[in-house]
Amino acid sequence: DTGVSQNPRHKITKRGQNVTFRCDPISEHNRLYWYRQTLGQGPEFLTYFQNEAQLEKSRLLSDRFSAERPKGSFSTLEIQRTEQGDSAMYLCASRGTGTGGQETQYFGPGTRLLVL
Amino acid sequence: GQSLEQPSEVTAVEGAIVQINCTYQTSGFYGLSWYQQHDGGAPTFLSYNALDGLEETGRFSSFLSRSDSYGYLLLQELQMKDSASYFCAVRDWASNTGKLIFGQGTTLQVKP
């Protein structure tokens with residue numbers, strides 16, 4: 001257990017439905033990342049928050065995707081009008097700003113999304 | 001662009017030593033990280049090399065050669081629980097967010 005939690009762990013939905021995932025990072029970590037991972041691939045960056053500010057979004061993040069981090073604590077990732085290509089594992093990671101923290105990201109267990 | 005290459009699969013027997021290689025092409029470079037991911041689990045940090053040479057942490061060691069844009073993860077005294085996917089990763093040089101770029105991962109299967 002890394003201390004980062006994600007809910008739900010699994011989500012099955014029908015194409016066209018909206019889904020929302022939640023990430024609770026390690027409490028003292030002000031930096032939060034969302035990644036997407038498909039089978040047999042490494043995680044790919046989606047978006048980054050520093051405190052409550054969303055500072056970077058990947059081109060992978062279409063306008064159907066939105067992420068928030070109110071109050072700089074937990075974060076949500078919403079996918080609207082889901083498509084079958086959205087089926088993947090969605091990973092959240094957090095890190096602090098102390099020394100040695102530049103590289104170490106702490107990942108949650110992920111939310112596995114299946115769009116039928 | 002930035003990319004990392006690693007073998008897709010490696011198989012070894014319990015008690016053996018295995019080396020997982022990673023070559024990278026980046027416009028800039030801070031260092032090379034390694035993550036372990038068990039099936040269905042979260043990637044967990046194993047090691048980080050910023051400078052050339054070998055870093056040892058218990059049964060795991062990681063090596064970096066900046067001049068060769070190459071690194072490897074060495075796993076000794078393999079145990080069944082080491083069966084997992086291993087990813088090398090670098091910080092995106094073009095971003096100041098610390099976001100990571102991962103290789104495709106190497107699936108290690110440890111056999112009895």
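Residues numbered from 1 in each chain as written. Chains lettered and ligands numbered in written order. Predicted model: local features only at pLDDT ≥ 70, side-chain atom pairs only at ≥ 80, totals over all residues. Heavy atoms only, no water.

1. Quick look at the overall build of chain B
Helices and strands together make up the secondary structure of chain B, namely 0 helices and 11 strands. For chain B, the N- to C-terminal ordering of α and β elements is β-β-β-β-β-β-β-β-β-β-β. In terms of overall dimensions, chain B is globule-like: its C-alpha atoms have a radius of gyration of 14 Å, near the 13 Å expected for 112 residues. Taken over the C-alpha atoms alone, chain B extends approximately 45 × 30 × 20 Å along its principal axes. The 112 residues of chain B split such that 52% are buried. Nonlocal contacts in chain B, meaning residues at least 24 apart in sequence, comprise 56% of its contacts between residues at least 6 apart. Accessible surface for chain B amounts to roughly 5300 Å². Of this, 46% is attributable to carbon and sulfur atoms. Averaging the coordinates of the 6 positive side-chain charges in chain B and doing the same for the 11 negative ones gives two points 6 Å apart. (Helix = DSSP H or I, 4+ residues; strand = E, 2+ residues; numbered from the N terminus. Rg over C-alpha atoms; globule rule 2.2 N^0.38 Å. Buried < 20%, exposed > 50% of the residue type's maximum accessible area, 1.4 Å probe, protein only. Contact = heavy atoms within 4.5 Å. Areas by Shrake-Rupley, 256 points an atom, 1.4 Å probe, with all protein chains shown as cover. Lys, Arg positive; Asp, Glu negative; His and termini not counted. Charge placed at Lys NZ, Arg CZ, Asp CG, Glu CD.)

2. Points about the state of the cysteines
For the structure shown, the criterion picks out 2 disulfides over all chains. The disulfide that involves Cys 23 of chain A links it to Cys 92 of chain A, with 1.8 Å between the sulfurs. Residues Cys 23 of chain A and Cys 92 of chain A are joined through a disulfide that is left-handed, its torsion about the S-S bond being -60°. Of this pair, Cys 23 of chain A sits in strand S3 (residues 19-24) while Cys 92 of chain A sits in strand S9 (residues 88-95); the two residues are 69 residues apart in sequence, bridging distant segments of the chain. Here Cys 22 of chain B connects covalently by a disulfide to Cys 88 of chain B, the sulfurs 2.1 Å from one another. An S-S torsion of about 80° defines the bridge between Cys 22 of chain B and Cys 88 of chain B as right-handed. With Cys 22 of chain B in strand S3 (residues 18-25) and Cys 88 of chain B in strand S9 (residues 84-91), the pair connects residues that are 66 residues apart, well separated along the chain. Comparing Cys 22 of chain B with Cys 88 of chain B, the two get one shared label, buried. (Disulfide = S-S within 2.5 Å.)

3. Focus: the sheet that holds strand S1 (residues 5-7) of chain A
Residue and element names in this part refer to chain A. Ordered in space as S1-S3-S8-S7, the 4 strands form an open sheet in which the pairing is antiparallel. Single-partner strands in this sheet number two, and they are S1 and strand S7 (65-68). Strand after strand, the sheet turns through a mean of 15° between neighbouring axes, direction not considered. (Pairing = 2+ DSSP bridges. Axes fitted to C-alpha atoms, helices over the stretch in contact; angles between N-to-C directions.)

4. Focus on the environment of Leu 32 of chain A
Residues and elements named next belong to chain A. On the secondary structure map, Leu 32 appears in strand S4 (residues 31-37). Separated by 14 residues in the primary sequence, Leu 32 and Leu 46 place their C-alpha atoms 11 Å from one another. Sequence-distant contacts of Leu 32, that is, excluding residues within four places in its chain, are made with Cys 23, Pro 25, Thr 47, Tyr 48, Phe 49, Arg 69, Ser 73, Ser 75, Cys 92, Ala 93 and Ser 94.

5. Looking at the pattern of salt bridges
Residue and element names in this part refer to chain A. Within this structure, the stated rule accounts for 6 salt bridges over all chains. A salt bridge links Asp 24 to Arg 22; the nearest nitrogen and oxygen atoms lie 2.8 Å apart. By relative accessible area, Asp 24 is classed as partly exposed at 21%. The class for Arg 22 is partly exposed, based on a relative accessible area of 34%. Residue Arg 64 is joined to Glu 83 by a salt bridge in which the shortest nitrogen-to-oxygen separation is 3.4 Å. Of this pair, Arg 64 sits in the loop between strand S6 (53-57) and S7 while Glu 83 sits in the loop between strand S8 (75-79) and S9, and the two are 19 residues apart along the sequence. (Salt bridge = Lys/Arg side-chain N within 4 Å of Asp/Glu carboxyl O.)

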